[in-house]
Amino acid sequence: MFKDSFKYYKSRNPPPDLKHVIDVRYVDATKVRSWVKRASTCHVTGPQDEILGLKPIKHWKLYRFFDIADLIIIQNPFTRNGQRYWITKCLRDYSRKPYVSNLDAQKLLNNNDTWWDVSFGNSERAVNFLPKLRWSTLGYHHNWETKRYTEETKTDVPFEICDLTQFLARTVGFENFKAEAAIINYYRMNSTLAGHTDHSELNIDAPLISLSFGQSAIFLIGGLTLADPANALLLRSGDILIMFGASRLRHHGVPKILQTFDVPWARDEWNDRYSPESDSEDWLKASRYISEARINLSVRQVLKTGQITV
């Protein structure tokens, strides 16, 4: 059952045995099948992948699962500098106004303050303030109490997120995806995300695109009821999870963050010319944060095709 599995993997004492966690790097042919979609067949051309900090599509590794319908994992398609770019954007830019965060709800910021400036400044607040950022919403802002989106609480989705997710969606066969809402969760090493389903969007046929950066996580996905069994997947930095169709309504959550010894934001495996954040002072700040945290950027299409408002 989902609740039992969540409790098991959440446990600290004793820690869980990870032998049943599915890791696409070590493919178990009874659970996972590699699904390589070559650039010549995915109708995505041009230099867009490099602009977005991605490796060429021909080097991507995609996976689907026998026991989990309508779910795809793209194994880290980002270059080193691509990871640095997106990590820094999530921390420095997407945590501040006009976007909405838990810091606004808790009124922890003064009018002219930003989480970034306070957390990496020289004030006495810095050390204690850094872990206080938990979530931020962009585009249609999700109301956590009503579980709804409204036109009254809406900002633009950053163009680079729109470009990235449209590119990813087209690569796996969704030609008309439009990024209209994004939720960023900022996890500390002891953080969890309780089991839930994603049904707030009016368009649940569109894919939900979820990007992981930083420390690794166990992603638990069950069935339509909490009584159904669950599968545990390992997500590493750069991995992209795409949920669509039946998987959108499956219970899922994150019971545990795991320390990683694989740091793809530090390795230089590619001729990585895309490097606006490569060795900047901002990246040095972001790298301190990500060494003991995980970021998840989850992007959704809210409206049905042709629909104007919620």
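As shown above, the structure is provided for reference.
Residues numbered from 1 in each chain as written. Predicted model: local features only at pLDDT ≥ 70, side-chain atom pairs only at ≥ 80, totals over all residues. Heavy atoms only, no water.

Visitor: Can you walk me through the overall build of the protein in this structure?
Guide: If you tally the helices and strands in the protein, you get 8 helices and 13 strands. Against the globule reference of 19 Å for 310 residues, the protein gives a C-alpha radius of gyration of 19 Å, in line with a compact fold. Dimensions of the protein, computed from C-alpha atoms along their principal axes, come out at roughly 55 × 45 × 45 Å. Going through the 310 residues of the protein one by one, you find that 54% of them count as buried. In the protein, the proportion of contacts linking residues at least 24 apart, taken out of those at least 6 apart, comes to 80%. (Helix = DSSP H or I, 4+ residues; strand = E, 2+ residues; numbered from the N terminus. Rg over C-alpha atoms; globule rule 2.2 N^0.38 Å. Buried < 20%, exposed > 50% of the residue type's maximum accessible area, 1.4 Å probe, protein only. Contact = heavy atoms within 4.5 Å.)

Visitor: Would you explain unusual backbone geometry in this entry?
Guide: Negative phi characterises most residues that are not glycine, and trans characterises most peptide bonds. Following Asn 13, the chain continues into Pro 14 via a peptide bond in cis, with omega recorded as 5 degrees. Its location among the elements puts Pro 14 in the loop between helix 1 (2–10) and strand 1 (32–34). For Asp 70, which is not a glycine, the phi torsion comes out positive at approximately 60 degrees. Take Asp 70: it is sitting in the loop between strand 2 (61–65) and strand 3 (71–75). The class of Asp 70 is partly exposed, set by a relative accessible area of 22%.

Visitor: How should the packing of aromatic side chains be read in this particular structure?
Guide: Each aromatic ring pair is specified by the distance between its two centres and by the angle formed by the two planes. Summed over the entire model, instances satisfying the criterion amount to 11 aromatic pairs. Ring-pair connections join several aromatic residues into one group, and the members of that group are Trp 115, Trp 116, Phe 120 and Tyr 289. In this arrangement the basic side chain of Arg 125 is found over the ring face of Phe 129, its NZ or CZ atom lying 4.8 Å from the centre. Of note, Arg 294 hangs over the ring of Tyr 187, and the distance from its end group to the ring centre comes to 5.0 Å. (Phe/Tyr/Trp six-rings, centres within 6.5 Å; stacked < 30°, edge-to-face > 60°. Lys NZ or Arg CZ within 6 Å of the ring centre and 35° of its normal.)

Visitor: Explanation requested: helix 3 (residues 80–93) in the structure shown.
Guide: Turn by turn, an α-helix covers 3.6 residues, leaving residues three or four places apart pointing in a common direction. A rise of 1.5 Å per residue sets the reference length of helix 3, with its 14 residues, at 20 Å; its end C-alpha atoms lie 19 Å apart and thus fit the reference within 8%. Where burial is concerned, most of helix 3 is hidden: 14 out of the 14 residues are buried. (Expected span 1.5 Å × (residues − 1).)

Visitor: Hey, could you run me through the sheet that holds strand 9 (residues 216–221) in this one?
Guide: Consider a sheet: its strands pair through backbone hydrogen bonds, and that pairing is either parallel or antiparallel. As summarised here, the arrangement of the 4 strands in space is 7-12-9-10, forming an open sheet in which the pairing is antiparallel. Every interior strand has two partners, whereas the edge strands, strand 7 (193–196) and strand 10 (231–235), have only one. Ignoring strand direction, the axes of neighbouring strands in this sheet form an average angle of 25 degrees. In the sheet, strand 9 pairs with strand 12 (residues 252–258) via 5 bridges, with the strands oriented antiparallel. Along strand 12, the bridge assignment pairs Ile 218 with Lys 256. Docked against the sheet, helix 1 engages strand 7, strand 9, strand 10 and strand 12, running at close to 10 degrees with respect to strand 12. (Pairing = 2+ DSSP bridges. Axes fitted to C-alpha atoms, helices over the stretch in contact; angles between N-to-C directions.)

Visitor: I would appreciate a short explanation of the layout of surface pockets in the present structure.
Guide: Think of a ball as big as a water molecule: rolled over the atoms, this probe shows where empty space is left. Taken as a whole, the largest pocket spans an internal volume of roughly 640 Å³. Trp 144, Asn 185, Leu 193, His 196 and Asp 198 are, among the 33 residues lining the largest pocket, the residues nearest its centre. Of all the secondary-structure elements, those providing two or more residues to the lining of the largest pocket are strand 6 (181–188), strand 7, strand 8 (208–214), strand 11 (240–243), strand 12 and strand 13 (293–300). Looking at the lining of the largest pocket residue by residue, the classes come out as 14 nonpolar, 13 polar and 6 charged. (1 Å grid on protein atoms, 1.4 Å probe; cavity = no way out; pocket = protein on both sides within 12 Å on 5 of 7 lines; lining within 4 Å. Points joined across faces, edges and corners; volume = space filled by probe spheres on them. Nonpolar A, V, L, I, M, F, W, Y, C, P; charged D, E, K, R; others polar.)

Visitor: Help me out: how do you make sense of the pattern of salt bridges in this one?
Guide: A side chain of one charge can pair with a side chain of the opposite charge when the charged atoms of the two come close. Per the stated rule, a full pass over the model turns up 13 salt bridges. Several salt bridges converge on common partners, so that one network encompasses Lys 89, Arg 92, Asp 93, Glu 160 and Asp 282. (Salt bridge = Lys/Arg side-chain N within 4 Å of Asp/Glu carboxyl O.)

Visitor: Can you help me understand the pairing of strand 5 (residues 135–139) in this one?
Guide: Sheet faces and side chains relate simply in a regular strand, where the side chains alternate between the two faces. Buried residues dominate strand 5, accounting for 5 of its 5 residues. Across 2 bridges, strand 4 (residues 100–101) lies against strand 5 in antiparallel orientation. Along strand 5, the bridge assignment pairs Val 100 with Thr 137.

Visitor: Whenever I open this one, the side chain of Ser 210 confuses me. Can you help?
Guide: Mapped onto the fold, Ser 210 is located in strand 8. At a separation of 2.7 Å, a polar atom in the side chain of Ser 210 contacts the side chain of Asn 296. The residues contacting Ser 210, other than those within four sequence positions of it, are Asp 239, Ile 240, Leu 241, Asn 296, Leu 297 and Ser 298. (Polar contact = N/O pair within 3.5 Å; in protein donor to acceptor, adjacent residues only side chain to side chain.)

Visitor: Got a minute to help me understand the nonpolar core in this structure?
Guide: A general feature of soluble globular proteins is that nonpolar side chains tend to end up buried together. Counting residues in hydrophobic clusters, the biggest one holds 52 residues, and the most contacted among them are Ile 74, Ile 87, Leu 91, Tyr 94, Trp 115, Tyr 289 and Ile 295. Other than its neighbours up to four places away in sequence, Tyr 94 contacts Trp 86, Lys 89, Tyr 99, Ser 136, Leu 138, Pro 158, Glu 160, Ile 161, Ile 184 and Tyr 186. Core analysis: the next-biggest nonpolar cluster, separate from the first, contains 18 residues, Val 32, Ile 68, Tyr 187 and Ala 217 among them. (Core = buried A, V, L, I, M, F, W, Y, C linked by side-chain atoms within 4.5 Å.)

Visitor: Hey, could you run me through helix 7 (residues 159–171) in this one?
Guide: If you check helix 7, its first and last C-alpha atoms are 18 Å apart, about what 13 residues at 1.5 Å a residue would give, namely 18 Å. At the exit of helix 7 stands Gly 173, carrying a positive phi of roughly 105 degrees.

Visitor: Even after reading the chapter, I still don't get the pairing of strand 9, so can you show me in this structure?
Guide: Strand 9 sits mainly inside the fold: 6 of its 6 residues count as buried. Of the two faces of strand 9, the one carrying Ser 216, Ile 218 and Leu 220 and the one carrying Ala 217, Phe 219 and Ile 221 are both buried. Pairing analysis gives 5 bridges linking strand 9 to strand 10, with the strands arranged antiparallel. When the sheet's bridge partners are listed, Ile 218 is paired in strand 10 with Leu 234.

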